[in-house]
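Spelled out from the first residue to the last, the chains are:
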Amino acid sequence: MRGRNLRGELDAFLAEREAELIGFRRDLHMNPELAFAEYRTTQRVAERLGAAGLVPTVLPRGTGLICEIGSGEGPTVALRADIDALPVPDEKDVPYSSTVPGVCHACGHDVHTAILLGAGLFLAQQARAGLLPGKVRLLFQPAEELPGGALEVLAAGGLSGVDRIFGLHCDPKVDVGKVGLKAGPITSACDRVNIRVSGPGGHTARPHLTVDLVFALAKILTELPAALSRRVDPRSSLSLVWGRVEAGSVANAIPDDGLAEGTLRCLDEEAWHAAPDMIKSLLESVAGAYGVEVDLDYVRGVPPVVNEEDSVQMLSEAAESMLGEGASVPTQQSLGGEDFGWYLESVPGAFARLGTRTPGTAHAGDIHQGTFDVDESCIGAGVRFLVGTALTALWEERQPTVEEPLVVVNSDT
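Attention here is on the structure that accompanies the text.

Conventions and cut-offs
Residues numbered from 1 in each chain as written. Predicted model: local features only at pLDDT ≥ 70, side-chain atom pairs only at ≥ 80, totals over all residues. Heavy atoms only, no water. Pairing = 2+ DSSP bridges. Helix = DSSP H or I, 4+ residues; strand = E, 2+ residues; numbered from the N terminus. Axes fitted to C-alpha atoms, helices over the stretch in contact; angles between N-to-C directions. Contact = heavy atoms within 4.5 Å. Disulfide = S-S within 2.5 Å. Buried < 20%, exposed > 50% of the residue type's maximum accessible area, 1.4 Å probe, protein only. Phe/Tyr/Trp six-rings, centres within 6.5 Å; stacked < 30°, edge-to-face > 60°. Lys NZ or Arg CZ within 6 Å of the ring centre and 35° of its normal. Expected span 1.5 Å × (residues − 1). Right-handed = clockwise from strand over helix to strand, strands pointing away. Polar contact = N/O pair within 3.5 Å; in protein donor to acceptor, adjacent residues only side chain to side chain.

**Some remarks on the sheet that holds strand β8 (residues 189-198)**
The sheet built from 4 strands is open, its strands ordered β10-β12-β8-β13 with antiparallel pairing. The open sheet terminates on both sides in strands that have one partner only, identified here as β10 (239-247) and β13 (293-302). Looking at each pair of strands side by side, their axes are set apart by 15° on average, direction ignored. Bridging between β10 and strand β12 (residues 257-266) involves 8 bridges; their strand directions are antiparallel. Considered in β12, the bridge of Leu240 is made with Leu264. Its contacts with the sheet place helix α6 (residues 269-290) against β8, β12 and β13, and it is angled at close to 165° to β13.

**Details of the sheet that holds strand β6 (residues 179-181)**
Taking strand neighbours across the sheet as the criterion, the 8 strands line up as β1-β2-β4-β3-β5-β16-β6-β15 in an open arrangement whose pairing is mixed. Looking at which strands have only one partner, the edges of the open sheet turn out to be β1 (57-58) and β15 (328-330). Two elements, strand β3 (residues 76-82) and strand β5 (residues 164-175), share 4 bridges in a ladder whose sense is parallel. Across the sheet, residue Leu79 finds its bridge partner in β5, namely Phe166. The strands that helix α2 (residues 39-51) touches are β1, β2 (65-69) and β4 (135-141); relative to β2, the one it contacts most, it runs at about 15°.

**A word on the state of the cysteines**
A full pass over the atoms with the stated rule returns 0 disulfides. With no disulfide partner, Cys107 has as its closest neighbouring cysteine sulfur the one in Cys170, 7.8 Å distant. Cys107 sits in the buried class, given a relative accessible area of 5%. In this structure Cys190 is not part of a disulfide, and its nearest cysteine sulfur, from Cys266, lies 11 Å away. Classification of Cys190 by relative accessible area gives buried; the value is 18%.

**Observations regarding the pairing of β2**
With respect to burial, β2 is a largely interior element, 4 of its 5 residues being buried. Pairing analysis gives 2 bridges linking β1 to β2, with the strands arranged antiparallel. Bridge pairing in β2 links Thr57 to Ile66. Here β1 hands over to β2 after 6 residues, with Gly62 in that stretch at a positive phi of 100°. Taken together, the 5 bridges between β2 and β4 define a ladder with antiparallel strand orientation. Across the sheet, the residue bridging to Ile69 is Val136, located in β4.

**So, the packing of aromatic side chains**
Considering all chains together, one arrives at 5 aromatic pairs under this definition. Look at Trp272 and Trp342: their rings are 5.8 Å apart centre to centre, the planes differ by 70°, and that puts the pair in the edge-to-face class. Taken together, the residues Trp272 in helix α6 and Trp342 in helix α8 (residues 341-344) connect sequence positions 70 residues apart. By relative accessible area, which is 1% here, Trp272 ends up buried. With 5.6 Å between their ring centres and 70° between their planes, Phe340 and Tyr343 make a pair best called edge-to-face. Each member of the pair Phe340 and Tyr343 is classed as buried. Of the aromatic side chains, those joined through ring pairs into one cluster are Phe340, Tyr343 and Phe351. Just above the ring of Phe36 sits the side chain of Arg61; from NZ or CZ to the centre is 3.9 Å.

**Re helix α3 (residues 109-128)**
Between its first and last C-alpha atoms α3 spans 28 Å; for 20 residues at 1.5 Å apiece the expected length is 28 Å, and the two agree. Within α3, 17 of the 20 residues are buried, which leaves the element mostly enclosed by the surrounding structure. Of the residues trailing α3, Gly130 is marked for its positive phi of about 75°.

**Looking at the environment of Cys67**
Along the chain, the position of Cys67 falls in strand β2. By relative accessible area, which is 0% here, Cys67 ends up buried. In sequence terms Cys67 and Pro225 are 158 residues apart; their C-alpha atoms lie 44 Å from each other. Once you skip the residues sitting within four places of it in the chain, Cys67 turns out to touch Leu49, Leu54, Val55, Pro56, Val136, Arg137 and Leu138.

**Re the pairing of β3**
β3 sits mainly inside the fold: 7 of its 7 residues count as buried. Residues of β3 alternate between two faces, with Thr76, Ala78, Arg80 and Asp82 on one and Val77, Leu79 and Ala81 on the opposite face, all of them buried. Pairing geometry for β3 and β4, over 7 bridges, is parallel. Along β4, the bridge assignment pairs Thr76 with Lys135. As for the winding sense of the linkage, the β-α-β connection from β3 through α3 to β4 is right-handed.

**Here we look at the side chain of Glu376**
Take Glu376: it is sitting in the loop between β16 (349-357) and α9 (377-397). A polar contact is formed between the side chain of Glu376 and the side chain of Arg26, at a distance of 2.6 Å. Apart from residues lying up to four places away in sequence, Glu376 is in contact with Ile22, Arg25, Arg26 and Tyr96.

**Structural notes on unusual backbone geometry**
Leu146 connects to Pro147 through a cis peptide bond whose omega is -10°. Mapped onto the elements, Pro147 comes out in the loop between β4 and α4 (149-155). For Ala143, which is not glycine, the phi torsion reads 55° and is therefore positive. Following the sequence through the fold, Ala143 ends up in the loop between β4 and α4.

Read these as layout, nothing more, since geometry by itself doesn't imply function.
The structure is reproduced here in structure tokens:
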């Protein structure tokens, strides 16, 4: 590695391939597929990797794939991209707008896929030349939006033998050429909480002869979040927010059932794991005070993404060396959910936010909107960043020997 101009090699690679990668992204954008239905996307990626001499393995459900680059001794670093689209209509007037009614890549997963493909093709060249100090495993993951795709990858042995894992996500609030980084929690756990209450019902003129179900439901709506805030460390940022409440149909009748649905979000893994039992206990206590029967349906979503500090430092080194001084910028904590957190429960790693906004643009929109799009020069920047990340991590994970000192990838490497 020492004495090689990695940035120059990437310049040459992207001069030849960047337009192709942008075209690949546009093809995916025109043909989006929802979670666990990404058959065409999987096939397109597999064909492109196979043409480069790689041997991808499609996951058991038939969507998503794993591809190993390199062989022999040395550490293994995993790079992940999600490949599914959203049930959101495409509202953009562009030549590559979605051809599938009601479905589009409104979260940038087509961009993630093109970037990981490009990084994989370059790293395959490095491996053939004997310049890869270990192995890189590409994870093209289905169903991030469902969620559940990360668990499919794990069940298929996707992290077996992996020392460290990295991922990225488009961020329209960050300029192209910049990467947002944060050690510790960067996204939140997100679970669904569904509560149904029931009672005998009755007339509003005689609430004392029955169970005032609406009043009891209102108490649950207010007291449950308040009680939770006193049962966990405030630094965990655990919050329960209701999104749907339903009870009754007329003004003068006490209904016999009602429901409340909401989401629980949390930044701390310990508090997240304890949340279902805490909610069950508190709910039974509040409901018991007002005489209603209660049923809790707690649906696990995703754990928080908690970036490991050493891995964030590797991302920062890669950004500065591959994209230039000042490319690594701080980013804020999000309460959105991201199933990359499942991987970080198994191995250390980190998740980055890739800038996709054209510099100088005041308002670039937001993800999960039908108008979402990117400055496509972010694809080349993303390839540089992931390649730099993989090589930095491999060299730092590699155990030095007397003959071979540890080398960190930088612009002069």
